[in-house]
Amino acid sequence: MEFIAPFTPALAETFLLAMVCTILLVDAFLSDAQRWITYALTMATLVVCFLITGFTDWGGEIYTFSGMFVADPLANMLKLFIYLTVAIVLVYSQAYIRDREMYRGEFFVLALFATLGMMVMVSANHMLTLYLGLELMSLSLYAMIALQRDSAVATEAAMKYFVLGALASGLLLYGMSMLYGATGTLELTRMAEVIAAGRADTTILLFALVFVVAGLGFKLSAVPFHMWVPDVYQGAPTAVTLFIGSAPEIAAFAFVMRLLVTGLGADFLIEQWQWMLIIMAVLSLAIGNVTAIAQTNLKRMLAYSTISHMGFLLLGILAGGNDGYASAMFYVIIYVLMALGTFGMILLMSRAGFEADTLDDFKGLNARSPWYAFIMLLLMFSMAGLPPAVGFYAKLSVLWAVIDAGFLWLAVIAVIFSLVGAFYYLRIVKLMYFDQPVDHAPLAPSPALRLVLGANGLSVLILGIWPGFLMALCEYTIALSFR
């Protein structure tokens with residue numbers, strides 16, 4: 001464990017916070033016609049953060065702020081993907097939020113505050129730091145959902161998310177307080193040492209574990225803590241739904257790894273939370289895939305799809321070991337890539353006064369634009385786990401890790417529900433290629449949206465053919481971070 005100057009490992013977070021304050025001040029003096037300056041400053045901030053994180057080698061695990069904050073390979077790698085994801089979200093959302101009078105400084109500032117919360121979450125080595133990052137991200141998301149003030153549906157979605165989020169935060173806090181009572185510390189590495197030495201109260205630990213896993217289940221939108229997901233996905237503006245369904249999933253993965261693996265990774269505790277995750281994973285796969293079949297609203301269908309994908313993510317984590325954790329990390333990155341492209345297609349087809357969020361809106365897309373129909377086909381194949389798209393390899397890597405961990409029956413259940421899930425993804429392909437279009441409006445995306453969406457779709461195919469580099473990167477990161 002190495003300690004250096006307090007603010008050095010948190011340089012990217014410090015810069016981001018300073019830029020958020022700067023953008024707030026600059027935006028106050030801009031007219032609506034000059035709002036592109038706020039957008040440009042936001043994108044420049046993400047680029048500089050990417051450079052700071054990407055070109056700074058801390059030489060292993062660096063702890064600062066009295067052990068509350070850690071800069072390690074896992075944190076740095078996940079932060080890079082978070083910056084990239086948020087930047088893509090902003091590119092996809094630009095025309096959409098402008099048409100709906102949401103192209104204001106508040107949207108960009110809230111997006112950056114949420115990004116800062118995610119960065120704190122992935123670098124947390126202390127339960128207070130974890131909670132601080134979580135709440136900073138969550139409060140920003142609540143406000144982003146309600147940003148469309150005249151929309152009763154968006155306001156209702158924000159209230160549901162806020163109330164249920166507060167309940168989950170209460171469960172998490174109660175679990176953390178019990179962990180403190182059992183171990184006498186809130187620092188995750190020290191907590192692991194106390195538990196390994198047998199100095200913690202086992203009964204209190206097990207009760208705390210139940211509350212902590214319940215709170216994590218909500219943040220991961222896993223069954224039975226999934227009730228908020230469909231309503232929030234459908235009710236929020238699509239640009240905000242895209243944000244909620246992408247970068248926060250990376251932060252949630254880091255949250256689980258920090259809390260369960262770093263802090264509660266003792267052998268007898270792993271066996272306990274492993275079975276809790278098994279129950280949540282199986283229920284998420286079953287309810288997510290089966291319920292998605294009945295949906296006609298595409299955003300609601302993708303909400304249940306997210307629940308099923310989180311079931312696969314939990315399978316990787318519960319498999320344990322570097323192979324399981326690496327497969328889970330690979331899976332969450334690929335899922336975010338697929339979610340970005342799918343919601344990007346909805347934003348592409350939406351226009352002022354029209355939300356392209358039903359299945360019927362994709363009828364005959366091939367007749368309107370063969371290129372974008374092909375992009376959507378790749379994304380749906382990947383979501384369904386069909387080769388040669390990368391979703392196939394992501395699911396396969398998780399299944400191998402689960403089988404290696406001795407849970408063959410669990411892998412069989414996952415495959416069965418994946419086959420069920422393939423139906424509603426392939427239904428969209430059928431609508432695009434075999435039905436007549438109901439909307440003949442031309443698709444006129446901006447050059448930036450056209451370029452990024454095309455790259456997004458093709459990356460699903462390219463990574464499916466050559467997944468080795470990204471998988472090796474995940475394995476290398478996990479091996480260095482959890483030795």
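First things first, this report covers the structure right here in the doc. This one's a predicted model, so the numbers in the text were calculated from it and none came from an experiment. By convention here, each chain's residues receive numbers from 1 onward along its written sequence. Totals for whole chains, interfaces and linings use every residue, but because this is a predicted model, local features are given only for residues with pLDDT of at least 70 and side-chain atom pairs only at 80 or more, for both listing and counting. In computing side-chain properties, one takes all heavy atoms of the structure into account and sets aside hydrogens as well as water.

1. Some details on the overall build of the protein
For step 1, the next point in the chain: In terms of regular secondary structure, the protein is built from 20 helices and three strands.
For step 2, the next point in the chain: Between the two quantities, the radius of gyration covers C-alpha atoms and the globule rule is 2.2 Å times the number of residues to the power 0.38. Relative to the globule expectation of 23 Å for 483 residues, the C-alpha radius of gyration of the protein, 21 Å, shows essentially globular dimensions.
For step 3, the next point in the chain: Across its three principal directions, the C-alpha atoms of the protein cover 70 × 55 × 40 Å.
For step 4, the next point in the chain: Counting only contacts in the protein whose residues sit at least 6 apart along the sequence, the fraction spanning at least 24 positions is 81%.
For step 5, the next point in the chain: Note on areas: these come from Shrake-Rupley sampling with a 1.4 Å probe, and a residue is covered only by the protein chains present in the view. A total of about 17,800 Å² of accessible surface is found on the protein, and carbon and sulfur atoms cover 69% of it.
For step 6, the next point in the chain: In this tally, Lys and Arg are treated as positive and Asp and Glu as negative; His is ignored, and so are the chain termini. Working definition for charges: the position is that of NZ of Lys, CZ of Arg, CG of Asp or CD of Glu. Mean positive and mean negative side-chain charge positions of the protein (21 and 29 charges, respectively) differ by 7 Å. A run of H or I in DSSP counts as a helix once it spans at least four residues, and a run of E counts as a strand once it spans at least two, with each numbered from the N terminus. Whether two residues touch is decided by their heavy atoms; if any such pair falls within 4.5 Å, the residues are in contact.

2. Examining the side chain of Gln-295
For step 1, the next point in the chain: With respect to the helices and strands, Gln-295 occurs in the loop between α12 (267-292) and α13 (298-319).
For step 2, the next point in the chain: Per-residue accessibility, obtained with a 1.4 Å probe over protein chains only, is compared with the maximum for each type, and a residue is labelled buried under 20%, exposed over 50%, and partly exposed between these values. By relative accessible area, Gln-295 is classed as buried at 12%.
For step 3, the next point in the chain: Those residues in contact with Gln-295 that lie beyond four places of it in its chain are Arg-300, Met-301, Tyr-304, Leu-359 and Arg-427.

3. Section: α13
For step 1, the next point in the chain: An expected span of 1.5 Å times one less than the residue number is assigned to each helix. Helix length check: α13, at 22 residues, gives a terminal C-alpha distance of 32 Å against a target of 32 Å (1.5 Å per residue), a fit within 8%.
For step 2, the next point in the chain: Across the 22 residues that make up α13, a large majority, 22, are buried.
For step 3, the next point in the chain: Polar contacts, as counted here, are pairs of nitrogen or oxygen atoms within 3.5 Å of one another; within protein the pair requires one atom able to donate a hydrogen and one able to accept it, and residues that are adjacent in sequence qualify only if both atoms are side-chain atoms. The opening residue of α13, the one whose side-chain oxygen lies 3.0 Å from the backbone nitrogen of Lys-299, is Asn-297.
For step 4, the next point in the chain: Gly-320 sits one or two residues past α13 and shows a positive phi near 70°.

4. Some remarks on the packing of aromatic side chains
For step 1, the next point in the chain: Two rings from Phe, Tyr or Trp (for Trp, the six-membered ring) form a pair when their centres sit within 6.5 Å of each other. Planes less than 30 degrees apart are called stacked, planes more than 60 degrees apart edge-to-face, and all others tilted. A complete count under the given rule lists 18 aromatic pairs for this structure.
For step 2, the next point in the chain: Consider the rings of Trp-275 and Trp-409, whose centres lie 6.4 Å apart with planes at 15°: the pair is stacked. In this pair, Trp-275 is assigned in helix α12 and Trp-409 in helix α18 (residues 408-434), connecting sequence segments 134 residues apart.
For step 3, the next point in the chain: Three or more aromatic residues link up through ring pairs in this structure, and these residues are Tyr-142, Tyr-161, Phe-162, Phe-218 and Trp-228.
For step 4, the next point in the chain: The rule is short: NZ of Lys or CZ of Arg within 6 Å of the ring centre and within 35 degrees of the ring normal puts a charge over the ring. The cationic tip of Arg-98 hangs over the ring face of Tyr-103; the distance from NZ or CZ to the ring centre is 4.5 Å.
For step 5, the next point in the chain: Against the face of Tyr-96 rests Arg-100, its NZ or CZ located 3.8 Å from the ring centre.

5. As for unusual backbone geometry
For step 1, the next point in the chain: The peptide bond linking Val-223 to Pro-224 adopts the cis configuration, its omega dihedral lying at 10°.
For step 2, the next point in the chain: Counting through the fold element by element, Pro-224 comes out in the loop between α8 (202-219) and α9 (229-235).
For step 3, the next point in the chain: With omega at 5°, the peptide bond leading from Pro-387 into Pro-388 counts as cis.
For step 4, the next point in the chain: By the element assignment, Pro-388 lies in the loop between α16 (370-384) and α17 (390-404).
For step 5, the next point in the chain: Non-glycine residue Ser-66 carries a positive phi angle of around 55°.
For step 6, the next point in the chain: For Ser-66, the location among the structural elements is in the loop between β2 (62-64) and β3 (69-71).
For step 7, the next point in the chain: Of note, the phi angle at Glu-101 is positive, near 55°, even though the residue is not glycine.
For step 8, the next point in the chain: Counting through the fold element by element, Glu-101 comes out in the loop between α3 (73-99) and α4 (105-122).
For step 9, the next point in the chain: On the basis of relative accessibility, which here comes to 65%, the residue Glu-101 falls in the exposed class.

6. Regarding the packing of helix α5 (residues 127-145) against helix α6 (residues 152-183)
Axes are the key here: two packed helices are described by the angle between their axes and the distance separating the axes.
For step 1, the next point in the chain: Only C-alpha atoms enter the line fits that serve as axes; for helices the fit covers just the stretch in contact. Angles between N-to-C directions range over 0 to 180 degrees. Put simply, α5 and α6 touch, their axes get as near as 9 Å, and they point 175° apart. Taken as axis vectors, α5 and α6 run roughly antiparallel relative to one another.
For step 2, the next point in the chain: Residue classes in the contact of α5 with α6 are distributed as 18 nonpolar, two polar and one charged. Angle categories are assigned with fixed cut-offs, so that under 35 degrees is roughly parallel, over 145 is roughly antiparallel, 65 to 115 is roughly perpendicular, and the rest are oblique. Classes in brief: Ala, Val, Leu, Ile, Met, Phe, Trp, Tyr, Cys and Pro nonpolar; Asp, Glu, Lys and Arg charged; the others, Gly included, polar.

7. A short note on the side chain of Arg-104
For step 1, the next point in the chain: Relative to the assigned elements, Arg-104 resides in the loop between α3 and α4.
For step 2, the next point in the chain: Residue Arg-104 is classed as buried on the basis of its relative accessible area of 19%.
For step 3, the next point in the chain: For Arg-104, the contacting residues outside a window of four places in its chain are Arg-35, Leu-147 and Arg-149.

8. Quick look at the nonpolar core
For step 1, the next point in the chain: We call a set of buried Ala, Val, Leu, Ile, Met, Phe, Trp, Tyr and Cys residues a nonpolar core when their side-chain atoms join them within 4.5 Å. Phe-107, Phe-253, Trp-273, Leu-315 and Met-345 are the most contacted members of the largest nonpolar core, which totals 183 residues.
For step 2, the next point in the chain: Per-element accounting of this core gives the leading share, 21 residues, to helix α14 (residues 321-349).

9. Thoughts on the environment of Met-383
For step 1, the next point in the chain: Checked against the element boundaries, Met-383 lands in helix α16.
For step 2, the next point in the chain: Assessed through its relative accessible area of 2%, Met-383 is described here as buried.
For step 3, the next point in the chain: Taking the C-alpha atoms as reference points, Met-383 and Met-338, 45 residues apart in sequence, are found 6.8 Å from one another.
For step 4, the next point in the chain: Excluding anything up to four places from it in sequence, Met-383 contacts Ser-305, His-309, Met-338, Ala-339, Thr-342, Lys-395 and Tyr-425.

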